[in-house]
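Coordinates in review
Below are the chains, spelled out letter by letter.
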Amino acid sequence: YAPFSDFVAHYGCTREQLHFSLEAIKEMTKRFSAAFSIRFFINAFPQETLATLLTWANDSNYHVRRLCSEGSRPKLPWAQKIHIAAEDAVPILHRLFADKTRFVTRSVANHLNDIAKIHPELVLTTLKQWQSSGQQTEAEMNFMTKHSLRTLVKMGQPEALRMLGFGNSTNLNLSAVQFDTRVKVGDALSFSFELSSTETKTAVVDYILYFQNKQGVMTSKKVFKLQTLTLHPEAPQTLSKRHVFRPNMTTRQLYAGTHQIDIQVNGAVLASFQFELEV
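Every chain begins its residue count from 1, and numbering advances along the sequence as written. pLDDT decides what is reported in this predicted model: residues at 70 or higher carry local features, side-chain atom pairs at 80 or more are listed and counted, and totals for whole chains, interfaces and linings draw on all residues regardless. Hydrogens are left out, water is left out, and the side-chain values use all remaining heavy atoms of the structure.

1. Some points on a nonpolar patch on the surface
Taken together, the side chains of Tyr-1, Phe-4 and Phe-32 present a nonpolar region at the surface, about 360 Å² in accessible area. Working definition: helices are DSSP H or I runs of at least four residues, strands are E runs of at least two. Numbering for both runs from the N terminus. You can see Tyr-1 is positioned in the segment before helix H1 (2-11). Patch membership requires over 30% relative accessible area and the absence of a salt bridge. Like charges are linked within 9 Å, and nonpolar side chains (Val, Leu, Ile, Met, Phe, Trp, Tyr) within 5 Å. Here the accessible surface of atoms and residues is derived via Shrake-Rupley with a 1.4 Å probe, and residues count as covered only by protein chains that are part of the display. Think of a salt bridge as a Lys or Arg side-chain nitrogen and an Asp or Glu carboxyl oxygen that are within 4 Å of each other.

2. Remarks on H1
Relative accessibility decides the category of a residue: with a 1.4 Å probe and only protein chains considered, values under 20% of the type maximum give buried, values over 50% give exposed, and everything between is partly exposed. For H1, the complete set of buried residues consists of Ser-5, Val-8 and Ala-9. Projected down its long axis, H1 carries its buried residues within an arc of 100 degrees, all on one side. Along H1, the residues that are exposed and aim more than 90 degrees away from the buried face are Pro-3, Phe-7 and Tyr-11. Check the buried side of H1 and you find it contacts helix H2 (18-28) and helix H3 (35-44). An arc is given here, and it is the one of the directions from the helix axis to the C-beta atoms. Whether two residues are in contact is decided by their heavy atoms, any of which lying within 4.5 Å being enough.

3. Considering the pattern of salt bridges
Per the stated rule, a full pass over the model turns up 14 salt bridges. Linking Glu-48 and Arg-15 is a salt bridge whose minimum nitrogen-to-oxygen distance equals 2.6 Å. In this pair, Glu-48 sits in helix H4 (residues 46-56) while Arg-15 sits in the loop between H1 and H2, placing the two residues 33 residues apart along the sequence. Among the salt bridges present, the one from Arg-73 reaches Asp-114, with a minimum N-O distance of 2.8 Å. Here the residue Arg-73 occupies a position in the loop between helix H5 (62-70) and helix H6 (90-96), and Asp-114 occupies one in helix H7 (residues 102-116), the gap between them amounting to 41 residues.

4. Comments concerning the nonpolar core
Of all hydrophobic cores here, the largest spans 51 residues; its most connected members are Ile-38, Leu-53, Trp-56, Ile-115, Leu-127, Trp-130 and Leu-149. In this structure, Leu-149 is in contact with Val-123, Leu-124, Leu-127, Ala-160, Met-163 and Leu-164, ignoring residues within four places of it in sequence. One finds Leu-174, Phe-191, Ile-261 and Phe-273 within the second-largest nonpolar core, a separate group that totals 25 residues. We call a set of buried Ala, Val, Leu, Ile, Met, Phe, Trp, Tyr and Cys residues a nonpolar core when their side-chain atoms join them within 4.5 Å.

5. A short note on the sheet that holds strand E1 (residues 172-179)
Note on sheets: strands pair through backbone hydrogen bonds, and any given pair is parallel or antiparallel. Taken in spatial order, the three strands make up an open sheet running E1-E3-E6, and their pairing is antiparallel. In this open sheet, the two strands that pair with only one neighbour each are E1 and strand E6 (237-244). Sheet twist, expressed as the average angle between the axes of neighbouring strands with direction ignored, equals 25 degrees. Two strands qualify as a pair provided that DSSP identifies no fewer than 2 bridges between them. As defined by bridge partners, strand E3 (residues 188-197) adjoins E6 across eight bridges and the pair is classed as antiparallel. In the sheet register, Leu-189 faces E6, and the bridge partner there is His-243. The axes are straight lines fitted to the C-alpha atoms, using for helices just the contacting stretch, and the angles between their N-to-C directions are given from 0 to 180°.

6. Let's talk about the packing of H7 against helix H9 (residues 138-148)
Orientation of H7 relative to H9, taken along the N-to-C sense of each, is 35 degrees, at an axis distance of 8 Å. The two elements H7 and H9 cross, and the hand of that crossing is right-handed. Note on element contacts: H9 touches H7 through Glu-140, Phe-143, Met-144, His-147 and Ser-148, opposite Arg-102, Thr-105, Arg-106, Val-108, Ala-109, Asn-110, Leu-112, Asn-113 and Ala-116. What makes a crossing left-handed is the near helix being turned counterclockwise from the far one by less than a right angle; a clockwise turn instead makes it right-handed.

7. Observations regarding the packing of aromatic side chains
In this description, a pair of aromatic rings is defined by centroid distance and the angle of the planes. Each pair of aromatic rings taken from Phe, Tyr and Trp, with Trp reduced to its six-membered ring, is defined by centres within 6.5 Å and is described as stacked if the planes are under 30 degrees apart, edge-to-face if over 60, and tilted in the remaining cases. Enumeration according to the criterion identifies nine aromatic pairs in this entry. Centroid distance Phe-191 to Tyr-207: 5.3 Å. Interplanar angle 70 degrees. Geometry classified as edge-to-face. Of this pair, Phe-191 sits in strand E3 while Tyr-207 sits in strand E4 (residues 201-212); the two residues are 16 residues apart in sequence, bridging distant segments of the chain. The two residues Phe-191 and Tyr-207 agree in class, both being buried. Ring centres of Phe-245 and Phe-275 lie 5.8 Å apart, and the angle between their planes is 55 degrees; on these two criteria the pair is classed as tilted. Remark: Phe-275 occurs in strand E8 (residues 268-278) and Phe-245 occurs in the loop between E6 and strand E7 (257-265); sequence separation between them is 30 residues. Each member of the pair Phe-245 and Phe-275 is classed as buried. Connected via pairs of aromatic rings, a cluster forms that spans Phe-179, Phe-191, Tyr-207, Phe-224 and Phe-273.

8. Overview of the side chain of Asn-213
Mapped onto the elements, Asn-213 comes out in the loop between E4 and strand E5 (218-231). Since its relative accessible area comes to 18%, Asn-213 is described here as buried. Polar contact is the term for a pair of N or O atoms within 3.5 Å; when the atoms are in protein, one must be able to donate a hydrogen and the other to accept it, and sequence-neighboring residues count only if both atoms are side-chain atoms. Within polar-contact distance, the side chain of Asn-213 engages the backbone nitrogen of Val-217 at 2.8 Å. If we ignore the near neighbours within four places in the chain, the residues touching Asn-213 are Thr-219 and Tyr-255.

Distances and angles like these do not, on their own, reveal function.
Right, here's the structure in full:
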């Protein structure tokens, strides 16, 4: 069914065929997601298409309801960019967040995570509003909150960390850092450290890897999840990781030279080290 919805997007995205084409998309998405195709209509006829999606958000078919969120995501992977503001689709999410189907609520959370990269305050405000409404179960609301805030947690955004029950980095101590000083592409970099706290505290631990570019400058970085754990006084924990530098990645070209890792705990960088990558 993917070719059919693609056909409608390419040949039916006209003023004369708008109603008929949207109804066709609605039927096709019940059989195979039309999230890519609906974006043609959002760009060409934003007002009419968003109004239609707002109505579809109450549809009895969960595939149709999911399309309303998934198709209007600001950063839907592999899809064409849509030219509406991130907040324009939020009224649709307001109708979907209390959905009883995980297929739908996961899309809503992914949509909010997209918005977090553009307008983090809107995401935090929206989640607080949904939490206080009591319209979604506590377990599902907790899932959606965690899934929606994953980018902001990687960024160390304080309010996002508080919403998930993480405190700040006060009374945390990171020590005994050990790491490989050299690693070849195709091999793994090993590193470890000890984390302790003078009070009982939940900690989310990430590491930030800074990459060299072709000119030998560390201009890009990526945050990786490491572990979430509860620390108790007088009970330090040792954490370790092996990071594989895979050759021939489709998403990044690796270059030889100095690279850096920051260890981030509850949004604060507590330790850094550098190593040499050999190609």
